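Structural overview for review
Spelled out from the first residue to the last, the chains are:
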Amino acid sequence: MKVLVLVLALALGGCAQVQTVAESEATFIACKSADVITTAVGLNSGHFVEANPALKLLIGPHNFVPLITFSIVVWAILHYINEPKLTMAANLVTCGIATRNAYLLHGAGVMH
């Protein structure tokens, strides 16, 4: 995990590049994809329970259409509003969730 963080930090480079990456829709798509994948792995492994109360009612093992739909709707809203600071906040939350999921999966021995 530390190696991944180091590689990401080196890839980001200077402050201007960090801001560009932080405000990017591509970053949201990448982090949201990682969130969906790690959530699916966690739920299917039995090590996770969905934390979002609304999604918890809708998704379960092998049923991720609501999670994917939710992700697309959030992206569409961000794309429509086109406010870089809002996208940056969404990226911070989404990347944080994906990172935490990966960390928990690694700790549970599900992901190496």
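Above: the structure in question.
Within each chain, residues carry numbers counting from 1 in the order of the written sequence. Reporting of local features is limited, given that this is a predicted model, to residues whose pLDDT is at least 70; pairs of side-chain atoms are given and counted only at 80 or more, and all residues count toward the totals for whole chains, interfaces and linings. With hydrogens and water set aside, each side-chain value is computed from the structure's full complement of heavy atoms.

1. Focus: the pattern of salt bridges
The term salt bridge refers to a pairing of a side-chain nitrogen on Lys or Arg with a carboxyl oxygen on Asp or Glu at a separation within 4 Å. Summed over all chains, the structure comprises two salt bridges. Among the ionic pairs, Lys-85 bridges to Glu-23, the shortest N-O distance being 3.0 Å. With Lys-85 in helix α6 (residues 84-107) and Glu-23 in the loop between α2 (15-22) and α3 (25-45), the pair connects residues that are 62 residues apart, well separated along the chain. A relative accessible area of 45% places Lys-85 in the partly exposed class. The closest approach of N and O atoms between Lys-32 and Asp-35, which form a salt bridge, is 3.0 Å. Taken as a pair, Lys-32 and Asp-35 lie in helix α3 at a separation of three residues, close to a single helical turn. Both residues of the pair, Lys-32 and Asp-35, belong to the buried class. Here a helix means four or more residues in a row that DSSP labels H or I, a strand means two or more in a row labelled E, and each is numbered from the N terminus. Residue exposure (1.4 Å probe, protein chains only): buried if accessible area is under 20% of the type maximum, exposed if over 50%, otherwise partly exposed.

2. A word on the nonpolar core
Core analysis: the biggest nonpolar cluster contains nine residues, these being Val-36, Ala-40, Leu-43, Phe-48, Leu-55, Ile-59, Phe-64, Leu-67 and Leu-105. Sort the elements by how many residues they give to this core and α3 lands first, with three residues. By nonpolar core we mean a set of buried residues, namely Ala, Val, Leu, Ile, Met, Phe, Trp, Tyr and Cys, connected to one another through side-chain atoms within 4.5 Å.

3. With respect to the side chain of Ser-24
Position of Ser-24 relative to the elements: it lies in the loop between α2 and α3. At 2.9 Å, the side chain of Ser-24 and the backbone nitrogen of Ala-26 are in polar contact. Excluding residues that lie within four positions of it along the chain, Ser-24 makes contacts with Thr-87 and Asn-91. Pairs of N or O atoms are called polar contacts if they sit within 3.5 Å, as long as, within protein, a hydrogen donor faces a hydrogen acceptor (for residues adjacent in sequence, only side-chain-to-side-chain pairs). Whether two residues are in contact is decided by their heavy atoms: any pair within 4.5 Å suffices.

4. Digging into a nonpolar patch on the surface
The patches reported here contain residues having more than 30% relative accessible area and no salt bridge. Joining distances are 9 Å for like charges and 5 Å for nonpolar side chains (Val, Leu, Ile, Met, Phe, Trp, Tyr). Accessible surface is estimated by sampling points in the Shrake-Rupley manner with a 1.4 Å probe; for residues, cover comes only from the protein chains shown. Residues Val-73, Ile-77, Tyr-80, Ile-81 and Leu-86 make up a contiguous nonpolar surface patch of about 520 Å² in total accessible area. Ranked by the residues each element gives to the nonpolar patch, the list is headed by helix α5 (residues 65-81), at four residues.

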